[in-house]
Each structure stands twice: as C-alpha cells, then as structure tokens.
Protein chains: 2
Amino acid sequence: MGMFSKTCEYALRAVFLIAHRTADGGRVGIKDIAASIDSPEYFLAKILQDLSKREIVQSVKGPNGGFYMDSKNLSRPLADVVEAVDGNSIFTGCALGMPECSSNKPCPLHNNFMNVRNQLQQMLTSVSIGQFNEELNLGITHLKR
Amino acid sequence: MGMFSKTCEYALRAVFLIAHRTADGGRVGIKDIAASIDSPEYFLAKILQDLSKREIVQSVKGPNGGFYMDSKNLSRPLADVVEAVDGNSIFTGCALGMPECSSNKPCPLHNNFMNVRNQLQQMLTSVSIGQFNEELNLGITHLKR
DNA sequence: ATAAATAAAGATAAAAATATCTTTTATTAT
DNA sequence: ATAATAAAAGATATTTTTATCTTTATTTAT
Ligand code: FES
Ligand code: FES
C-alpha cells in the first residue's frame, strides 16, 4: 500500500473527478465516476455514500441525479478528504505506531518524522479540492492510467 | 493506520530495540523484544523471521541465542527496513493509487506529492538503524508507551 | 398517479492483514 | 549423547479492508 488506504485513494480520485465534471453545475453518476477513475463501482458507491454523509460531496437521487460539489465543497482543503476517510492518525500518529506521538516521550524517529508528517499535512491543507480543475480540463493531469 | 503498516511499525521498533540492546555483542530473545516494545509476541516472531531471511537482523538458535545485529546491519539505512516490510510503493507509488507514478501522465497531486514523498525517502535513507542507540541509552527516546 | 432513474442502505462475500498456537530444527550446556 | 533452549517453520484463527449484490427510498419526467 502507498501513503493512503485504497479507500482513500479512490475517494481522492472521485472527489477530483466530481469537482472537475460538475464545476458547471451538472451532476455525475456513480457508473460514470467509476469508469472515469478506474475504480470498482459498488465499492466506490459506498465510499461516496460516506463522503456524502460527511458533506464532502453532495448528491441527489433520481433521473439526472448524481454527485456534485458546490463552491464551498470545492474550496475545502484536500486534507479534509483524507481525514474523513483515513482519520487523522497520518497527521498526528507516531511513525512507529506508539499509542501517541508526543515530544514528552518521543520515539527515536520523532524529530525526523515530524518534519515529513508536518510537510504532508501542510501540503494537504494548503491545496483545495477545486484548484486542480483547470489542469484536468487541459488534459495535463489524469485520474486513470 | 499511520504512514506505515502495523507490521512495519513493529519491525521498526524491534530493529531499534535489537540495535540498542545488542550493540555490545549480546543477543536478545523474542519474548524480551516483544515485551520491550509492546508487541504481540507470536506476530513479532513472524516479522523477525522475515527480517532475518532478508538479512536485516541476524539470529542464532539455542541457549543464549536470540536476535542481534552486526555493525554492517547497524549502518544500514532505515529505509531498508521499510522497504523490506512494506515494499517500495511508499517511495515510488502514486498518491492516488494510479498504476504508476510518472510525470508523463501525472495525477493532479503529482507535483505536490513528489515533494513529500521524496522528503520521506531522503529522511529514511539518510538515517541509519544504529544512529539512534545513544539516545535510547540515555533514556531520551522510547520504544513503548 | 405512474414509471423510470438514481443514490442510500442493508446484507453478504472475498481477500489481505494481523494474530496465535503447535511442531520442527539448530544450538548450547551438561 | 542427552536435555534444555530458542528460533524457524507450519498450520490455523481472527479482524479489517476491499468488493459485490440486493433491496429500499427519493426524485424526476411523463
Ligand atoms: S513519538 Fe514517534 S513520531 Fe512522535
Ligand atoms: S502520478 Fe500521482 S503522484 Fe505521481
């Protein structure tokens, strides 16, 4: 596995796709999303169900329904998606999995790790979900092989 | 979960502990290690079995046997442990889990993520397993709550 | 009102990660 | 040689993650 869980990877890709596809006010359905990001449809449905409850994305049922994001959603930091799915242990947890990370009782890697962990958090909080739309429009960046 | 798998977290803690405890040429047994780093004994045994095969740690059976590390082991970069356990996807994989990470067909997060990923790799390759012994000796750093 | 479309919810399954127990092999001390 | 010790290897179990299928509820269009 990489830095994030598979669930979180799909969530991030889906969120980028929805942001990209519904910036004009439209909706995008689960089948379409799954195909566009190469993810298992039913599994992704569960993930989006959850993101919808957590108000990271929005949805409407019925004909012409689907998922979308309003401008408030688009301006959220990407860190919100990661935290919603994987929790905050990646931002606050000990590198060696000790019950908590604190400089009171640091593990050997504490100082070195804090740098990396903080840079990850800084990066994810400083970018918004929506800011990648333009490059997606231009075909510079991609969400599937 | 944090940045590494649970297996990897235990591996890292165990490796630090073995390095610390056997710098004088002794051995340390699995029960002792497990107790010292707060890990499930049998599970850790499997992990160390594997690290032993991969020559990250060394071991001898029988009375006064146990695990240890020679000076060559001690000078290995910590990245070797992570890679042995979790593979190299954390160093080379796409943030969004696309089949490969490449600047030819980058995902939206590629540039931002590369920074973080490279800093993690840089950090883990620039520190050696053994270099944390002194602080462990001094009781400045810890391997269990 | 009715039918069609679509996400939500619920139930189940498969795979992978984590954990435990038992048996075997190698080493050491006597 | 024998017995004791400790890791290696093998087998099994549990939990979590990932994945799929079915049913229900909501919305829209007719
Ligand atoms: S205590 Fe381990 S990273 Fe802070
Ligand atoms: S392609 Fe996604 S991080 Fe490089």
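What counts, and where the lines are drawn
- Residues numbered from 1 in each chain as written.
- Chains lettered and ligands numbered in written order.
- Predicted model: local features only at pLDDT ≥ 70, side-chain atom pairs only at ≥ 80, totals over all residues.
- Heavy atoms only, no water.
- Near = heavy atom within 4 Å.
- Polar contact = N/O pair within 3.5 Å; in protein donor to acceptor, adjacent residues only side chain to side chain.
- Helix = DSSP H or I, 4+ residues; strand = E, 2+ residues; numbered from the N terminus.
- Buried < 20%, exposed > 50% of the residue type's maximum accessible area, 1.4 Å probe, protein only.
- Phe/Tyr/Trp six-rings, centres within 6.5 Å; stacked < 30°, edge-to-face > 60°.
- Lys NZ or Arg CZ within 6 Å of the ring centre and 35° of its normal.

Draft legend 1. The protein's contact with DNA strand D, seen in detail. Surrounding DNA strand D, one finds 25 residues, the nearest of these being T7 of chain A together with G29, K46, S59 and G62 of chain B. Backbone atoms, meaning sugar plus phosphate, form 62% of the atoms of DNA strand D positioned within 4 Å of the protein. A distance of 3.2 Å separates a phosphate oxygen of DNA strand D from a polar backbone atom of K6 of chain A. S59 of chain B places a side-chain nitrogen or oxygen 2.8 Å from a phosphate oxygen of DNA strand D.

Draft legend 2. Summary view of the side chain of T22 of chain A. Residues and elements named next belong to chain A. Inspection of the secondary structure puts T22 in the loop between α1 (6-21) and α2 (30-37). Given the relative accessible area of 3%, T22 is considered buried. Here I18 takes part through its backbone oxygen, which lies 2.7 Å from a polar atom of the side chain of T22.

Draft legend 3. Region of the structure containing the protein's contact with DNA strand C. Residues in contact with DNA strand C amount to 26 residues; listed here are only the nearest, G29, K46 and S59 of chain A together with T7 and P63 of chain B. Those atoms of DNA strand C that come within 4 Å of the protein belong to sugar or phosphate at a rate of 61%. Taking G62 of chain A, its main chain carries an N or O atom lying 3.2 Å from a sugar or linking oxygen of DNA strand C. Ranked by the residues each element gives to the surface near DNA strand C, the list is headed by helix α3 (residues 41-53) of chain A, at 4 residues.

Draft legend 4. A look at the packing of aromatic side chains. The tally for this structure, following the rule as stated, stands at 6 aromatic pairs over all chains. Ring centres 6.4 Å apart and planes at 40 degrees place the aromatic pair F113 of chain A and F4 of chain B in the tilted group. A residue pair is termed interchain when its members come from two chains, as with F113 of chain A in helix α7 (residues 110-126) and F4 of chain B in the segment before α1 (6-22). F4 of chain B carries the same exposure label as F113 of chain A, and that label is buried. Look at Y10 of chain B and F43 of chain B: their rings are 6.0 Å apart centre to centre, the planes differ by 85 degrees, and that puts the pair in the edge-to-face class. Placement of the pair is Y10 of chain B in helix α1 and F43 of chain B in helix α3 (residues 41-53), with a sequence separation of 33 residues. Overall, Y10 of chain B belongs to the buried group, its relative accessible area being 10%. The exposure class assigned to F43 of chain B is partly exposed, which follows from its relative accessible area of 37%. Here R27 of chain B stacks its cationic end above the ring of Y68 of chain B, 5.0 Å away from the centre of that ring.

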